[in-house]
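# Overview (structure and organization)
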Amino acid sequence: MWNKLSQRDRRALLLGSVAIVVIFIYLFAGEWLTEWQLVRSDLKEMRVQLKAIEQQAAGKPTARQIATLTAVPKFEMPVKEEEQAVLFRNEFNEQIKQSGIKAKSLDYLASKKITGVGGYKTLRLQCKSRCNLSQVLDLLGNLNNNPYLVGVEEIQIRPDQRNRQEVDLTLTVSTFAK
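What counts, and at which threshold
- Residues numbered from 1 in each chain as written.
- Predicted model: local features only at pLDDT ≥ 70, side-chain atom pairs only at ≥ 80, totals over all residues.
- Heavy atoms only, no water.
- Helix = DSSP H or I, 4+ residues; strand = E, 2+ residues; numbered from the N terminus.
- Areas by Shrake-Rupley, 256 points an atom, 1.4 Å probe, with all protein chains shown as cover.
- Core = buried A, V, L, I, M, F, W, Y, C linked by side-chain atoms within 4.5 Å.
- Buried < 20%, exposed > 50% of the residue type's maximum accessible area, 1.4 Å probe, protein only.
- Contact = heavy atoms within 4.5 Å.
- Polar contact = N/O pair within 3.5 Å; in protein donor to acceptor, adjacent residues only side chain to side chain.
- Axes fitted to C-alpha atoms, helices over the stretch in contact; angles between N-to-C directions.
- Parallel < 35°, antiparallel > 145°, perpendicular 65-115°, else oblique.
- Left-handed = near helix turned anticlockwise from the far one by under 90°.
- Nonpolar A, V, L, I, M, F, W, Y, C, P; charged D, E, K, R; others polar.
- Phe/Tyr/Trp six-rings, centres within 6.5 Å; stacked < 30°, edge-to-face > 60°.
- Pairing = 2+ DSSP bridges.
- Expected span 1.5 Å × (residues − 1).

### Quick word on the overall build of the chain
- Summing up its helical and strand segments, the chain has four helices and five strands in all.
- Its helices and strands in sequence order give the chain the pattern α-α-α-β-β-β-α-β-β, from N to C terminus.
- Entry remark: accessible area of the chain is about 13500 Å², with carbon and sulfur atoms responsible for 57%.

Structural data, given as structure tokens:
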């Protein structure tokens, strides 16, 4: 059949088939190039993530970790209730002394069991004292340095009627224990 076609028809068929092949290549190659670019960008992101993981594994903290560590106060993981109570009371008592406050009483309140993940108990320590307002503010500003502190549960500051700088302080702080 090819022999029966004229030279002009042969050239038209040849150019038409080449054009069809070029169109198919363009369509499929364009799609393939788009996929290839997506794969390259995914690979680049994964390499960045791998680099971050390698830095963490090497012990070198990233800038984000450093920022988090500076924003979050010190914290020690809870231990058994008896040990945690002593550690927390000693550290809190030291903070009270540093602030210049003389505590009238420093007693634990009844502990609460948390019904969540880990099942930790909450130990609440209550301090009652009479002191200056500036001493109270020093203590409150310094509480973040206590690695056992979880939170301030209650604070009551009652000023003296005659001397407004003297206050009666009732402060309840808490920690976790196993």
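### Here's the deal with the nonpolar core
- Ranked by size, the top nonpolar core spans 17 residues in total, and within it Phe-92, Ile-96, Leu-139, Leu-169 and Val-173 carry the most contacts.
- Secondary-structure elements contributing two or more residues to this core are helix 3 (81-99), strand 3 (121-132), helix 4 (133-142) and strand 5 (166-177).
- Once residues lying within four places of it in the same chain are set aside, the contact partners of Val-173 are Phe-88, Phe-92, Leu-123, Arg-124, Leu-125, Leu-149, Gly-151, Val-152 and Glu-153.

### Considerations on the side chain of Asn-142
- Relative to the helices and strands, Asn-142 resides in helix 4.
- Look at Asn-142 and you get buried, because its relative accessible area is 18%.
- In terms of polar contacts, Asn-142 uses its side chain to reach the side chain of Gln-98, at 3.3 Å.
- Those residues in contact with Asn-142, other than ones at most four positions away along the chain, are Gln-95 and Gln-98.

### Concerning the environment of Asn-163
- By the element assignment, Asn-163 lies in the loop between strand 4 (151-159) and strand 5.
- For Asn-163 and Asn-132, which are 31 residues apart along the polypeptide, the C-alpha to C-alpha distance reads 9.6 Å.

### Points about the packing of helix 3 against helix 4
- Where helix 3 contacts helix 4, the two axes come as close as 9 Å, and the packing angle between them is 140°. Classed by the angle they form, the pair helix 3 and helix 4 counts as oblique. For the pair helix 3 and helix 4, the crossing hand works out as right-handed. For the pair helix 3 and helix 4, the contacting residues are Gln-95, Ile-96, Gln-98 and Ser-99 in the first and Gln-135, Asp-138, Leu-139 and Asn-142 in the second.
- For the contact of helix 3 with helix 4, the class distribution of residues is two nonpolar, five polar and one charged.

### Re the packing of aromatic side chains
- As enumerated under the stated definition, the model contains three aromatic pairs in all.
- Taking the centre distance of 6.2 Å and the plane angle of 10° together, the rings of Phe-24 and Phe-28 count as stacked. Of this pair, Phe-24 and Phe-28 are both found in helix 1 (residues 7-57), four residues apart, which corresponds to roughly one turn of the helix.
- Residue classification places Phe-28 among the exposed positions, given a relative accessible area of 56%.
- Where Trp-32 meets Trp-36, the ring centres are 6.2 Å apart and the plane angle is 10°; that geometry is what we call stacked. Of the two residues, Trp-32 and Trp-36 both sit in helix 1, four residues apart, roughly one turn of that helix.
- The class for Trp-32 is exposed, based on a relative accessible area of 54%.

### As for the pairing of strand 4
- Direction of pairing for strand 4 relative to strand 5: antiparallel, over a ladder of eight bridges. Note that in strand 5 the partner of Arg-158 across the bridge is Asp-168.
- The hairpin turn running from strand 4 into strand 5, its antiparallel successor, is six residues long.

### Thoughts on helix 3
- The terminal C-alpha atoms of helix 3 lie 27 Å apart, and with 19 residues this matches the ideal 27 Å at 1.5 Å per residue to within 8%.
- Those residues of helix 3 hidden inside the fold are in contact with strand 1 (103-108), strand 3, helix 4 and strand 5.
- Among the residues trailing helix 3, Gly-100 stands out with phi positive, at a value near 85°.

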